[in-house]
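Examining the three-dimensional arrangement
Chain residues, written in single-letter form:
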Amino acid sequence: MNKLTVIIPFLNEGEELENTLRSIREHSDGEVDILVINDASTDGWDYGNVARKYRAVYMINEQRLGVAASRDLGVKCCKTPYFLLLDAHMRFYDKDWVETIVSELERDERSLLCCQTKILTKENGCVTECNSGGTFGAYLDFSEAGAMQLHWKGNERFAGESVEDIPCVLGAGYACTKWYWAYLKGLEGLRYYGCDEAYISLKVWLEGGRCRLLKEVVIGHIYRSRFPYQVSNTDIFYNQMLIAETLLPDDMRNAVFSRLKKESEALFEGAGKIFAENREIVALLK
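As a starting point, this report considers the structure included with it.

1. Remarks on the packing of aromatic side chains
Geometry of an aromatic ring pair is reported as the spacing of the ring centres plus the angle between the planes. Counted by the stated rule, this structure contains nine aromatic pairs. Taking 6.2 Å as the distance between ring centres and 50° as the angle between the ring planes, the aromatic pair formed by tryptophan 179 and tyrosine 183 counts as tilted. A residue pair is termed a helical-turn pair when its members lie 3 or 4 positions apart in one helix, as tryptophan 179 and tyrosine 183 do in helix α5 (residues 178-183) at four residues. Since its relative accessible area comes to 42%, tryptophan 179 is described here as partly exposed. Members of the aromatic cluster, each reached through a chain of ring pairs, are Tyr238, Phe257, Phe268 and Phe275. Lying across the ring of tyrosine 93, lysine 118 places its NZ or CZ 4.0 Å from the centre. Directly above the ring of phenylalanine 257 sits arginine 253, whose terminal nitrogen or CZ lies 4.1 Å from the centroid.

Right under this line is the structure:
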């Protein structure tokens with residue numbers, strides 16, 4: 001019985017879902033389960049056939065839930081003790097990643113693992129690696145100018161070590177134990193898209209766990225210039241407000257709310273209306 005499930009929520013990914021599944025199967029020797037969640041795609045692609053071809057469990061959201069809720073759904077439905085969250089436009093390069101992830105989670109079940117990111121671009125069907133230097137996780141900027149913004153961390157703390165603690169995960173490729181994710185309430189409360197990494201990373205550290213970077217598990221991630229679906233800035237504002245309200249002390253919370261209002265009063269008011277309608281949910285997350 002496999003110990004790890006790869007969970008891939010997606011929306012309008014076209015050929016990239018198959019490319020990602022092929023890469024997983026070619027570099028895992030059947031050592032993982034795969035669960036793909038179609039978040040109400042509208043592009044007409046036959047994703048069910050693609051899933052069957054690569055022996056993946058296929059789920060369809062009849063209405064769009066968003067990436068956060070779809071990730072939580074995948075974790076709830078997976079049958080293994082450990083899981084790896086991926087986007088549907090990623091690549092693998094070696095066959096050691098399954099054993100590395102499982103071994104690390106068996107060693108520390110209260111950790112959130114982040115795989116090393118290889119930044120890729122895709123032009124006219126050709127995938128190219130970007131020479132962008134190394135990335136070593138990310139950090140949250142809580143300054144007045146950048147409150148609640150995630151930035152790549154460009155330096156490693158312990159050169160030569162294969163695993164090290166990092167402030168925040170970033171880049172997709174996040175592994176965790178199913179029970180610990182449930183204990184943290186996962187990404188519960190977030191709307192559609194945005195702030196997943198900041199939310200779960202803060203939860204882990206505040207609970208007493210650790211975010212850790214697996215430097216030797218490298219996963220290529222195609223970074224796109226635009227989304228194949230609609231993204232609402234109001235939802236992103238709301239998600240930042242949710243994180244600030246539920247996880248931050250009052251002074252930092254107030255600073256985040258103030259910065260959002262200065263950035264766009266219209267978006268702040270729109271998010272505030274949604275926030276007011278969800279007061280009971282927000283209270284339950286505290």
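2. Notes on empty space enclosed by the protein
Under the counting rule described, the total for this entry stands at one cavity of 30 Å³ or more. Sort the elements by how many residues they give to the lining of the largest cavity and helix α6 (residues 196-207) lands first, with three residues.

3. Description of the environment of phenylalanine 92
Mapping phenylalanine 92 onto the fold places it in strand β5 (residues 90-92). Residues phenylalanine 92 and alanine 175 lie 83 residues apart in sequence; the distance between their C-alpha atoms is 15 Å. Filtering out sequence-adjacent residues up to four positions away, phenylalanine 92 remains in contact with Ser23, Ile24, His27, Leu84, Leu86, Trp97 and Ile219.

4. Some words on the layout of surface pockets
By volume, the largest pocket is sized at about 960 Å³. Lining the largest pocket are 39 residues; nearest its centre among them are Tyr193, Gly194, Cys195, Glu197 and Phe227. At the level of elements, β1 (4-10), α3 (67-77), β9 (149-152), α6, β12 (210-222) and α7 (233-247) are the ones that each hand at least two residues to the lining of the largest pocket. Class assignment for the residues of the lining of the largest pocket results in 21 nonpolar, nine polar and nine charged. Ranked by the residues each element gives to the lining of the second largest pocket, the list is headed by strand β6 (residues 111-123), at three residues. A breakdown of the residues in the lining of the second largest pocket according to their chemical character gives five nonpolar, five polar and seven charged.

5. Topic: the state of the cysteines
Enumeration over the complete set of coordinates arrives at zero disulfides. There is no disulfide at cysteine 78, and the cysteine sulfur nearest it, in cysteine 77, is 8.3 Å away. In this structure cysteine 168 is not part of a disulfide, and its nearest cysteine sulfur, from cysteine 211, lies 6.3 Å away.

6. Comments concerning α6
A rise of 1.5 Å per residue sets the reference length of α6, with its 12 residues, at 16 Å; its end C-alpha atoms lie 17 Å apart and thus fit the reference within 8%. Extensive coverage of α6 is indicated by the burial of nine of its 12 residues. Listed in full, the buried residues belonging to α6 are Asp196, Glu197, Ala198, Tyr199, Ile200, Ser201, Leu202, Lys203 and Val204. Once α6 finishes, glycine 208 follows within two positions and takes phi at roughly 110°, a positive value.

7. Some remarks on helix α8 (residues 250-263)
For α8, spanning 14 residues, the distance from its first C-alpha to its last is 20 Å, which sits close to the expected 20 Å at 1.5 Å a residue. Listing the buried residues of α8 in full gives Arg253, Val256, Phe257, Arg259 and Leu260. All buried residues of α8 lie within an arc of 160° about the axis, which places them on one face of the element. Along α8, the residues that are exposed and aim more than 90 degrees away from the buried face are Asp250, Asp251 and Lys262. In this structure, the buried residues of α8 make contact with β9, α7 and α9 (265-277).

Each value, and the rule that gives it
Here, residues in each chain are numbered from 1, in the same order as that chain's written sequence. In view of the model being predicted, local features appear only for residues whose pLDDT reaches at least 70, and side-chain atom pairs are presented and counted only at 80 or more, with totals across whole chains, interfaces and linings using the full set of residues. With hydrogens and water excluded, all non-hydrogen atoms of the structure serve as input to the side-chain values. We call Phe, Tyr and Trp rings a pair once their centres come within 6.5 Å, taking the six-membered ring for Trp, and we label the pair stacked below 30 degrees between planes, edge-to-face above 60, and tilted otherwise. Elements are defined by DSSP. Helices are runs of H or I of four residues or more, strands are runs of E of two residues or more, and each kind is numbered from the N terminus. We call a residue buried when its accessible area falls under 20% of the maximum for its residue type, exposed when it is over 50%, and partly exposed in between, using a 1.4 Å probe and counting protein chains only. In this analysis the charged atom, NZ for Lys or CZ for Arg, is taken to sit over a ring once it is within 6 Å of the ring centre and within 35 degrees of the ring normal. The definitions used throughout rest on a 1 Å grid laid over the protein atoms alone, on which a cavity is an enclosed set of points accommodating a 1.4 Å probe that cannot get out and a pocket is an open set flanked by protein within 12 Å on both sides along at least five of seven lines; lining residues are those having an atom within 4 Å of a point. Grid points are joined across faces, edges and corners, and a volume is the space filled by probe spheres set on the points. A contact between two residues is defined here by any heavy atoms of the two lying within 4.5 Å. Charged residues are taken to be Asp, Glu, Lys and Arg, nonpolar residues to be Ala, Val, Leu, Ile, Met, Phe, Trp, Tyr, Cys and Pro, and polar residues to be all remaining types, Gly included. In what follows, a disulfide is any cysteine sulfur pair within 2.5 Å. Given the number of residues in a helix, its expected span is that number minus one, multiplied by 1.5 Å. By construction, the arc corresponds to the directions joining the helix axis to the C-beta atoms.

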